Amino acid sequence: MTIDNVILLVEDNPRDEELTLRALKKSNVLNPVVVARDGVAALDYLFGRGAYADRDLAVMPQLVLLDLKLPKLDGLEVLEALRTDERTRLLPVVALTSSVEEQDRIRSYRLGINSYVRKPVDFVQFMEAVRQLGLYWLVLNQPAPPARGA
Amino acid sequence: MRAPAIAVTLPLMTGDVDPLGGAVAAAPVLTATDLQMLFEAAPNPMMVLAPDLTILAATDAYLAATLTTRAQMIGRPLFEVFPDNPDDPDADGVRNLRASLDRVLTSRAPDTMAMQRYDVRGPDGAFVVKHWLPRNIPVLTSGGAVRTILHVVSDVTEQLRAVELDAALAGRTREVAHERAVIERFFALSLDLICVAGVDGYFKRVSPAFDALGYERHEWLERPFVEFVHPDDRAAVRAEVARLATGQATVDFETRYRCKDGSYRWLSWTCAPDGETLYAIARDVTGARETQEALARAKEAAEAANRELESFSYSVAHDLRAPLRSIDGFSQALLEDYADRLDADGQKYLGFVRGSAQQMAQLIDDLLALSRVTRSELHRVEVDLSALARAAVLRLQQAEPARQVEVVIEDGLRDRGDARLLAVVFDNLLGNAWKFTSKQAAPRIEFARVVHEGHPAYRVRDNGAGFDMAFAHKLFGVFQRLHAAAEFDGTGVGLATVRRVVARHGGQAWAEGAVGAGASFYFTLGAEDRSP
């Protein structure tokens, strides 16, 4: 049985990863989470390369939570690669980042981000943000039908 | 008095004897007709007048000189035939000739007139300019009365024209000499470098201004001029000369010339070709160039600093917050997961840790906002300040719906400014007013345009906690706070941001207040510079 409700968390900071996972758990988001620690790992997972060469590409994550500042390929480069590939073009991607710099927001939306959320420092607020994200993107939102022929 | 008809019969040569002793044929006798024909054939322009100035006879030469036919003049009064030129307002021929003839009639002696302009009518009726030397000679009867007057003239029109031409030429020569002197002086005195060069690559002549580069005047002419040019500029100079050789002018062509002492000067050339010859003027723009280069370097340095600040801010935005999130998040995790192993103090201290982390996050945000104010470009447009103020108040009210504050905003306040930066001003000023009136029973906040010490200014006034004017100068400094954090929270960056936004608009910000009696914050937006 394939798991089709994976959340791909692209996050290089292990403490932020831990906090995000904690927030998801505390918000009763029980979807399996795959963590990619840099941009290359994220694309490897999505396109079945490297460590994920055996992955079933018919199944795509239900949601990608994308940090912007990442080693190797940064978040915006990952986003660009996703949006230029037919298999991932319609994937819901939410930027989950520290930055509210205008340039990051503009470029993210230009490249087709679905949502842009700042990680609050206050963990209570952070948890609330993750809870709302989970509720919206995993429950309320109806994703595009999966790409065929992949 | 009728003019007498002239009939001359003179036996001129009646000699029968040839002085050489040869046989002689009988000489013919000249008839009056002969004499008339002889007179008419005489090469000088002459005319015979009766004492009443009727024209009696004229030589063919006279007819030719006056462009008249015999039929037009014989038997007619002199001044009918030869009136003044009506187109010449200065014409005095009739008057002067009449005076001369009167003198002859009176004195019965010849009268020579000064050179006289006396225009005559051509066959087409148009007057032709003529200059004459006339002489009037009386022919007397045996009794001594004036029988006729012989009017003899020389037509000097052509000679005069030649003389005038000479004079004009002489004048022109003087003018040319003068112009040349002016040009020479100009050449000698010009502070710009003036020269004549050839497309062969040599200077032909250089002005004294070239001396500034340290060479003797002759040195300039002895070498191809490109040798004086900085090696890096030579290709460009050769290309420019090639262009000039095709007849195109050069304007503001800047190139470095080597001085005798080895230094270089920037010369800006303007050059016009005329065949093989180039006429050129150069200005020493070294000073301007150096200023320009210094400016460019300063600008580059400023831009580099700005880029550095940009990337610094970017790093701050991303990286400084992450550890704070860990501090706060894991403190919260401790509080949640290990509450049973922490006593009240332990929990309180973790609360302090979280509070500090959050305060620092706020500080970072405020500092970034302050730096953004400096970094972002100013886009001045017509802005509705009243609407900006109302929007800021709305945000405050939404954040604290329970608070009841009387807000009075003057309508229709418009000015030119950057709407986004001015929104930051209102967020801070109205946010402060909102914050510092929180302990008032009847809080009131106003925004209006007022006249402050004779000048228009915008004012945000509240009836809140106020401040001690002794510290007013510290209000707008970064991290300066006049209230203890326990009393009113804040980072002390807001008013510094306000001042910076206002300063970027060319305006000023200042404050008035008293402890417990509210505060008034004033600002202007460079109203002096605005066009009406």
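The present account deals with the structure reproduced in this document. Please read all numbers here as calculations on a predicted model, not as lab measurements. (Residues numbered from 1 in each chain as written. Chains lettered and ligands numbered in written order. Predicted model: local features only at pLDDT ≥ 70, side-chain atom pairs only at ≥ 80, totals over all residues. Heavy atoms only, no water.)

In this section: the nonpolar core. All names here are of chain B. In this structure, Leu 385, Phe 426, Leu 430, Phe 447, Phe 521 and Phe 523 are the most contacted members of the largest nonpolar core, which totals 38 residues. Within the residue set of this core, elements represented by two or more residues are α11 (385-399), α12 (419-436), β17 (444-452), β18 (455-462), α13 (494-504), β19 (509-513) and β20 (519-523). Among the elements that line this core, the one with the most residues is α12, at nine residues. With sequence-adjacent residues up to four places away left out, Phe 426 is seen in contact with Leu 385, Leu 388, Ala 389, Ala 392, Gly 431, Phe 447 and Phe 523. Counting residues in each nonpolar core, the second largest holds 26 residues, with Val 237, Val 241, Phe 253 and Leu 278 among its members. (Core = buried A, V, L, I, M, F, W, Y, C linked by side-chain atoms within 4.5 Å. Buried < 20%, exposed > 50% of the residue type's maximum accessible area, 1.4 Å probe, protein only. Helix = DSSP H or I, 4+ residues; strand = E, 2+ residues; numbered from the N terminus. Contact = heavy atoms within 4.5 Å.)

Residue and element names in this part refer to chain A. Taken together, the side chains of Leu 135, Tyr 136, Val 139 and Leu 140 make up a nonpolar region of the molecular surface, amounting to roughly 400 Å² of accessible area. Here Val 139 lies in helix α5 (residues 123-140). For Val 139, a relative accessible area of 57% corresponds to the exposed category. (Patch = residues over 30% accessible without salt bridge, like charges linked within 9 Å, V, L, I, M, F, W, Y side chains within 5 Å. Areas by Shrake-Rupley, 256 points an atom, 1.4 Å probe, with all protein chains shown as cover. Salt bridge = Lys/Arg side-chain N within 4 Å of Asp/Glu carboxyl O.)

With that settled, the discussion passes to the packing of helix α1 (residues 14-26) of chain A against α5 of chain A. All names here are of chain A. Where α1 contacts α5, the axes come no closer than 9 Å and their chain directions differ by 60°. At the point where α1 passes α5, the crossing takes the right-handed sense. Across the interface between the two elements, Leu 19, Thr 20, Arg 22, Ala 23, Leu 24 and Lys 26 of α1 pack against Phe 123, Phe 126, Met 127 and Val 130 of α5. Partitioning the contact of α1 with α5 into residue classes produces seven nonpolar, one polar and two charged. (Axes fitted to C-alpha atoms, helices over the stretch in contact; angles between N-to-C directions. Left-handed = near helix turned anticlockwise from the far one by under 90°. Nonpolar A, V, L, I, M, F, W, Y, C, P; charged D, E, K, R; others polar.)

Turning to unusual backbone geometry, a few remarks are in order. Residues and elements named next belong to chain A. Backbone geometry places Asn 28, a non-glycine residue, at a positive phi of 65°. Tracing the chain through its elements places Asn 28 in the loop between α1 and β2 (33-36). Even without being glycine, Lys 72 reaches a positive phi, approximately 60°. You can see Lys 72 is positioned in the loop between β3 (63-66) and α3 (75-83).

A separate point is the sheet that holds strand β1 (residues 7-10) of chain A. Residue and element names in this part refer to chain A. Strand order in the open sheet made by the five strands is β2-β1-β3-β4-β5, with parallel pairing throughout. Strand pairing shows two members of the sheet lacking a second neighbour, β2 and β5 (115-118), which therefore form its edges. The sheet shows a mean angle of 20° between the axes of neighbouring strands, taken without regard to direction. In the sheet, strand β4 (residues 93-97) pairs with β5 via four bridges, with the strands oriented parallel. (Pairing = 2+ DSSP bridges.)

All names here are of chain B. Within the structure shown, the criterion is met by four cavities of 30 Å³ or more. If you add up the space inside the largest cavity, you get close to 180 Å³. Along the walls of the largest cavity sit 17 residues, with Phe 225, Val 241, Leu 244, Tyr 257 and Trp 269 positioned nearest its centre. Mapped onto the lining of the largest cavity, the elements with two or more residues apiece are β9 (193-198), α8 (234-245), β11 (250-258), β12 (264-274) and β13 (277-284). For the lining of the largest cavity, the class distribution of residues is 14 nonpolar, two polar and one charged. As for the second largest cavity, its lining consists of 14 residues, of which Tyr 62, Leu 97, Tyr 118, Trp 132 and His 151 are closest to the centre. Mapped onto the lining of the second largest cavity, the elements with two or more residues apiece are α2 (60-66), β7 (131-140) and β8 (146-155). In terms of residue class, the lining of the second largest cavity is built from 11 nonpolar, three polar and no charged. (1 Å grid on protein atoms, 1.4 Å probe; cavity = no way out; pocket = protein on both sides within 12 Å on 5 of 7 lines; lining within 4 Å. Points joined across faces, edges and corners; volume = space filled by probe spheres on them.)

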